[in-house]
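Here is what each chain is made of, one letter per residue.
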Amino acid sequence: MAVPKKKVSKARRDKRRSANSKMEAPAMTKCPQCGTYNLNHRVCSNCGYYKGEEIVAKKAD
């Protein structure tokens, strides 16, 4: 079984753990058709449009 030869200092341990705090929120853009926010380069989940063209037909509520 693997056992560490020396104690890992708090600074070294925390440097390794700090990578998770550097993550950023995904970039969101406003849909030109309906105005809701969605991920870049994706079909709008609200209206079904992408680059001004209707890709997914949505049912009228």
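Everything numeric in this text was worked out from a predicted model, so none of it was measured. (Residues numbered from 1 in each chain as written. Predicted model: local features only at pLDDT ≥ 70, side-chain atom pairs only at ≥ 80, totals over all residues. Heavy atoms only, no water.)

**Overview of the overall build of the protein**
How we decide: Here a helix means four or more residues in a row that DSSP labels H or I, a strand means two or more in a row labelled E, and each is numbered from the N terminus. The globule rule used here is 2.2 Å times the number of residues to the 0.38 power, and the radius of gyration it is set against is calculated over C-alpha atoms. Type-normalised accessible area, obtained with a 1.4 Å probe on protein chains alone, sets the label of each residue: buried when under 20%, exposed when over 50%, and partly exposed for intermediate values. In what follows, residue pairs with any heavy atoms lying within 4.5 Å of each other are defined as contacts. In this description, accessible areas are obtained by the Shrake-Rupley approach with a 1.4 Å probe, and a residue is regarded as covered only by the protein chains that are shown. Charge counting treats Lys and Arg as positive and Asp and Glu as negative, with His and both chain ends excluded. For this purpose, a charge sits on NZ of Lys, CZ of Arg, CG of Asp or CD of Glu.
A tally of regular secondary structure across the protein gives one helix and four strands. Helices (α) and strands (β) of the protein occur, in sequence order from the N terminus, as α-β-β-β-β. Relative to a compact globule of 61 residues, whose C-alpha radius of gyration would be 10 Å, the protein shows 23 Å and is clearly more extended. Taken along the three principal axes of its C-alpha coordinates, the protein extends 65 × 25 × 20 Å. A total of 61 residues make up the protein; the buried ones form 8% of that total. A fraction of 0% describes how many contacts in the protein between residues 6 or more apart in sequence connect residues 24 or more apart. As displayed, the protein has an accessible area near 6,100 Å², and 53% of this comes from carbon and sulfur atoms. Between the averaged position of the 15 positive side-chain charges in the protein and that of its 5 negative side-chain charges there is a distance of 23 Å.

**A few points about the pattern of salt bridges**
Just so we agree on the cut-off: Salt bridge, as used here: a side-chain nitrogen of Lys or Arg that lies within 4 Å of a carboxyl oxygen of Asp or Glu.
Scanning the entire structure with this criterion turns up one salt bridge. Taking the shortest distance from any N to any O, the salt bridge between Asp14 and Arg13 comes out at 3.0 Å. Note on Asp14: relative accessible area 38%, which makes it partly exposed.

**Here's the deal with unusual backbone geometry**
Non-glycine residue His41 carries a positive phi angle of around 60°. Here His41 shows up in the loop between β2 (37-39) and β3 (49-50). Given a relative accessible area of 69%, His41 falls into the exposed group. Unlike most non-glycine residues, Lys51 shows phi in positive territory, near 55°. Along the polypeptide, Lys51 turns up in the loop between β3 and β4 (53-54). A relative accessible area of 70% places Lys51 in the exposed class.

**Side note on the confidence of the model for the protein**
Predicted coordinates in regions of low pLDDT should not be interpreted in detail. Stated formally: Predictor confidence is given residue by residue as pLDDT, running from a minimum of 0 to a maximum of 100.
Mean pLDDT over the protein works out to 87, with 97% of the residues at or above the 70 mark. Of all helices and strands in the protein, the one with the weakest mean pLDDT is β4 (85), whereas β2 scores best (93).

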